[in-house]
Amino acid sequence: NAGVTQTPKFQVLKTGQSMTLQCAQDMNHEYMSWYRQDPGMGLRLIHYSVGAGITDQGEVPNGYNVSRSTTEDFPLRLLSAAPSQTSVYFCASSYGGGGAKGYTFGSGTRLTVV
Amino acid sequence: TQLLEQSPQFLSIQEGENLTVYCNSSSVFSSLQWYRQEPGEGPVLLVTVVTGGEVKKLKRLTFQFGDARKDSSLHITAAQPGDTGLYLCASLGTSGTYKYIFGTGTRLKVLA
């Protein structure tokens, strides 16, 4: 059972470039979320989805887009990378109650924007 | 926006000592989860508490949910170096949204 798979694990971008962080889960979870974690800090919610075709903004959505065409996949797009987006990005999924039973996390993507 | 405040922010203790970390909010939690995160990894769920006054135990870890469901604590007995990590509380936001938010975190280091 793979759980939540994130790719790539590491990425370096130049300012202004765009890219997509991939996230896939094989647990048939309805709820999926993207978080960023800056050094020494907790996790901040970027975007989340309550099911295929339904997404909404989190606490820090600016500069990011998401889509949810299938239950399994929830990619995060950086439109025009900025140094302030240097961070570790985590994707997570949950099976019920919008996360009221807790989330399962991927191992993260470490992004550096130069 | 619901905020989850954790204290202390940092904690460095000797092996064998006891410790307590706290998670507080001005809002009432529907439920609350505690996670532990190790360097280079995603957070791992430890426990969910739902009922006011609830106490759950996981080996040397004791989790308590406040009677009013606005605060929670994590107590570790006889800490070991393997307990080192970032401890995070998390909960669904209020106002009927599905925003699942995390506390500010407590970074624990247990010295051998």
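Right above here is the structure, for reference.
Conventions adopted
- Residues numbered from 1 in each chain as written.
- Chains lettered and ligands numbered in written order.
- Predicted model: local features only at pLDDT ≥ 70, side-chain atom pairs only at ≥ 80, totals over all residues.
- Heavy atoms only, no water.
- Phe/Tyr/Trp six-rings, centres within 6.5 Å; stacked < 30°, edge-to-face > 60°.
- Helix = DSSP H or I, 4+ residues; strand = E, 2+ residues; numbered from the N terminus.
- Buried < 20%, exposed > 50% of the residue type's maximum accessible area, 1.4 Å probe, protein only.
- Lys NZ or Arg CZ within 6 Å of the ring centre and 35° of its normal.
- Contact = heavy atoms within 4.5 Å.
- Buried area = accessible area lost by both parts, 1.4 Å probe.
- Salt bridge = Lys/Arg side-chain N within 4 Å of Asp/Glu carboxyl O.
- Polar contact = N/O pair within 3.5 Å; in protein donor to acceptor, adjacent residues only side chain to side chain.
- Nonpolar A, V, L, I, M, F, W, Y, C, P; charged D, E, K, R; others polar.

Now for the packing of aromatic side chains. Scanning the entire structure with this criterion turns up 11 aromatic pairs over all chains. Taking 5.4 Å as the distance between ring centres and 35 degrees as the angle between the ring planes, the aromatic pair formed by Tyr31 of chain A and Tyr98 of chain B counts as tilted. A residue pair is termed interchain when its members come from two chains, as with Tyr31 of chain A in strand β4 (residues 31-37) and Tyr98 of chain B in the loop between β9 (85-92) and β10 (100-102). Relative to Phe102 of chain B, the ring of Phe105 of chain A lies with its centre 5.8 Å away and its plane at 70 degrees, an arrangement referred to as edge-to-face. Here Phe105 of chain A, found in strand β10 (residues 104-105), pairs with Phe102 of chain B, found in strand β10, and the two come from separate chains. Classification of Phe105 of chain A by relative accessible area gives buried; the value is 10%. You can call Phe102 of chain B buried: its relative accessible area is 7%. Through pairs of rings, three or more aromatic residues link up here, namely Tyr35, Phe90, Tyr103 and Phe105 of chain A together with Tyr35, Tyr100 and Phe102 of chain B. Sitting above the plane of the Phe74 of chain A ring, Arg68 of chain A keeps its charged end 5.9 Å from the centroid.

All right, on to the interface of chain B and chain A then. Counting residues at the interface gives 22 residues for chain B and 24 residues for chain A. Together chain B and chain A conceal approximately 1,700 Å² of surface at their shared face, both sides included; 57% is due to carbon and sulfur atoms. The tally of links from chain B across to chain A stands at zero salt bridges. If you look at where chain B meets chain A, you find three residue pairs in polar contact (both at pLDDT 80 or more). Contributing elements (two or more residues each) for the side of chain B that touches chain A: β4 (32-37), β5 (44-49), β9 and β10 of chain B. Classifying every residue of the side of chain B that touches chain A by side-chain character gives 10 nonpolar, nine polar and three charged.

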